[in-house]
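# Survey of secondary and tertiary structure
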Amino acid sequence: MLSEHDAESRRRIPGTDTLLAEPRFTAATSALGRDLVKAAITQAQDRARRGEITPEDVGDTAAGSLPPRASTLRPVINATGVVLHTNLGRAPLSPAAVAAVHAAAGHTDVEYDTDTGRRDLRGRGVVDALGAAVPSAEAAHVVNNGAAALVLAATALAPGQEVVVSRGELVEIGDGFRLPELLESTGAVLREVGTTNRTRLDDYRAVLGPDTGFVLKVHPSNFVIQGFTSSVSIRDLAQLGATVVADLGSGLLSPDPLLPDEPDASSALADGAALVTGSGDKLLGGPQAGLLLGRAEIIEQLRRHPLARALRVDKLTLAALEATLRGPETPTWAALRHDAAELHARAEELRDGLRQDGVTSETVETASVVGGGGGPGLELTSWAVAVDPGLAAPLRQHEPAVVGRLERDRLLLDLRCVPSDQDSTLRSAVVSAWHRQARSE
Ligand SMILES: *Cc1c(COP(=O)(O)O)cnc(C)c1O
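Since we're looking at a predicted model, the values are computed, not measured.

Taken together, the neighbourhood of the ligand is formed by 13 residues, with G146, S221, D247, S279 and K282 sitting nearest. Between A147 and the ligand, the recorded distance is 2.8 Å, taken from a backbone N or O atom to an oxygen atom. At a separation of 2.5 Å, a nitrogen atom of the ligand approaches a polar side-chain atom of D247. Here the ligand loses 96% of its free accessible area of 380 Å² to cover by the protein chains. Elements with a contribution of two residues or more to the shell around the ligand: α8 (146-157) and β11 (244-249). Class assignment of the residues belonging to the shell around the ligand gives a composition of 4 nonpolar, 6 polar and 3 charged.

Okay, the environment of Q45 next. Structurally, the position occupied by Q45 is in helix α4 (residues 34-49). Residue classification places Q45 among the buried residues on the basis of a relative accessible area of 5%. In sequence terms Q45 and I13 are 32 residues apart; their C-alpha atoms lie 6.7 Å from each other. Discounting residues that sit within four places of it in the chain, Q45 has contacts with I13, P14, G15, T16, L19 and V58.

Per the UniProt record, "domain: L-seryl-tRNA selenium transferase N-terminal" (unreviewed entry) is annotated on residues 10-49. Taken end to end, residues 10-49 has its terminal C-alpha atoms 6 Å apart, with 82% of it in helix and 0% in strand.

To continue, consider the domain arrangement of the chain. What the domain assignment reports for the chain is domain 1 (4-64), domain 2 (76-87 + 333-440) and domain 3 (94-328). If you average the C-alpha positions of domain 1 and of domain 2, the two centres end up 37 Å apart.

As a further point, take the nonpolar core. What tends to happen in soluble globular proteins is that the nonpolar side chains get buried as a cluster. Within the largest apolar cluster, 33 residues are counted, with the highest numbers of intra-cluster contacts made by L130, Y204, L253, V276, L293, L321 and L325. At the level of secondary structure, the elements contributing two or more residues to this core comprise α7 (124-133), β5 (139-143), α10 (201-207), α11 (234-238), β11, α12 (265-270), β13 (290-294) and α15 (315-326). Non-local contacts of L130, meaning those with residues more than four positions away in its chain, are made with A140, V142, L253, L291, L293 and L325. Listed in part, the 32 residues of the second largest apolar core include A149, L152, L157 and A274.

Here the focus is the sheet that holds strand β14 (residues 362-371). With respect to topology, 5 strands assemble into an open sheet ordered β2-β14-β15-β18-β17, the strand pairing being mixed. Each of the sheet's edge strands pairs with one partner strand only, and the pair in question is β2 (82-84) and β17 (405-407). Taken pair by pair, the neighbouring strands of this sheet meet at an average axis angle of 45°, ignoring direction. Here 8 bridges tie β14 to strand β15 (residues 379-387), and the two strands are oriented antiparallel to one another.

Moving on to the sheet that holds β5. Read from one edge to the other, the open sheet built from 7 strands follows the order β5-β13-β12-β11-β10-β6-β9, with strand pairing classed as mixed. Taken across any chain shown, the strands that pair with only one partner, and hence form the sheet edges, are β5 and β9 (189-193). Geometrically, the sheet is characterised by an average inter-axis angle of 25° between neighbouring strands, direction not taken into account. Relative to β11, strand β10 (residues 212-218) runs parallel, the two sharing 4 bridges.

What follows concerns the packing of aromatic side chains. Tallied over the entire structure, the rule returns 0 aromatic pairs. The ring of F228 carries R198 above its face, with NZ or CZ at 3.8 Å from the centroid.

Conventions adopted
- Residues numbered from 1 in each chain as written.
- Predicted model: local features only at pLDDT ≥ 70, side-chain atom pairs only at ≥ 80, totals over all residues.
- Heavy atoms only, no water.
- Near = heavy atom within 4 Å.
- Polar contact = N/O pair within 3.5 Å; in protein donor to acceptor, adjacent residues only side chain to side chain.
- Areas by Shrake-Rupley, 256 points an atom, 1.4 Å probe, with all protein chains shown as cover.
- Helix = DSSP H or I, 4+ residues; strand = E, 2+ residues; numbered from the N terminus.
- Nonpolar A, V, L, I, M, F, W, Y, C, P; charged D, E, K, R; others polar.
- Buried < 20%, exposed > 50% of the residue type's maximum accessible area, 1.4 Å probe, protein only.
- Contact = heavy atoms within 4.5 Å.
- UniProt positions renumbered as here; feature names shortened; annotations may be inferred.
- Domains from an automatic or database assignment.
- Core = buried A, V, L, I, M, F, W, Y, C linked by side-chain atoms within 4.5 Å.
- Pairing = 2+ DSSP bridges.
- Axes fitted to C-alpha atoms, helices over the stretch in contact; angles between N-to-C directions.
- Phe/Tyr/Trp six-rings, centres within 6.5 Å; stacked < 30°, edge-to-face > 60°.
- Lys NZ or Arg CZ within 6 Å of the ring centre and 35° of its normal.

This is the structure in structure tokens:
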């Protein structure tokens, strides 16, 4: 039984329609939609019924718990020190790419020629930009991701035929994603040659024949084999006369002196690869996409294959990719090049600011890595601010979320991938996490 006081209190809880009519909730309804606003209101009303808040607080509580946006995807400050973190969306888009996405979000001329008023090739701008970036490619095509590029290549170029690949290159890329299984799912037959550590040109030569669809060269982009090893270069493979497809993974279009061991599309094509595949959101620093570059007749064969339609990219991807290719250097490019001294200075400033706010912290020299996109084994000297590991959870729940790296019983906030204009946001996130933690103790 409710006491008289409780019953009276319940009667004072404002009704849903009354609250929805308040200007702050009508504004929220146009930004977020009615369902999300109603859910926040219902939750606050329930709390009042349970006596956790007073009826007078229902409106403010509901307004305070409105989600910041209609999607559950949240912005994250990447303080992990992993430049291309697959779980955190790999490459962050450049402001130029973000602007292009914004412009293309409504109706856009993605397949339309505004001069003639007729239909045009979808994504012509991206294909032109790829051609300009890789002059040795006769043609280019774009699909959803690197895996899709490989599937299209295997399906169109080796139907029921053999894909010849070295045993040392049968790699697992990410969480259970195994390249051999992907290739076999297309119906192509994998013809493995050589051993895990050594494969020679003769191993390839011995199996080539009428059943060969193509020879695949895969860049082991997330590990290195050291010691008694040998592999065959694209240049040597090209001498065999078979079609050579190179899966480069990283999407690097031309050589990068910072990553001397990372293969690039221009060099692979110059060395004789007929087709190269790569990702848009790794070292290229753009949106998720699969790049296919190579000989004109091969690209045409891929483009015309029925499967190509199922792997077609969205207008937003095309916009972001073209702006990445034509626009200024990307945040990924910059993150790989931040100078250790500059990161050190930022870390000291952050530490000083945190200490002023009463947060225990210190600066730590650390090593960042390239991550899911390439440069295996490469370590970049970086600087982090170390804080109490108990801050990890409240920082993850902060808006924007902050994800650091737990190391030896402390939480490291590596500044390499934190845009410098976010240092003050990071500082206030840590301070508010510190206070939340103090309250919950
Ligand atoms: C990352 C990678 C892929 C898969 O690319 P996605 O864009 O993640 O689908 C394939 N091959 C190699 C060598 C890679 O590094």
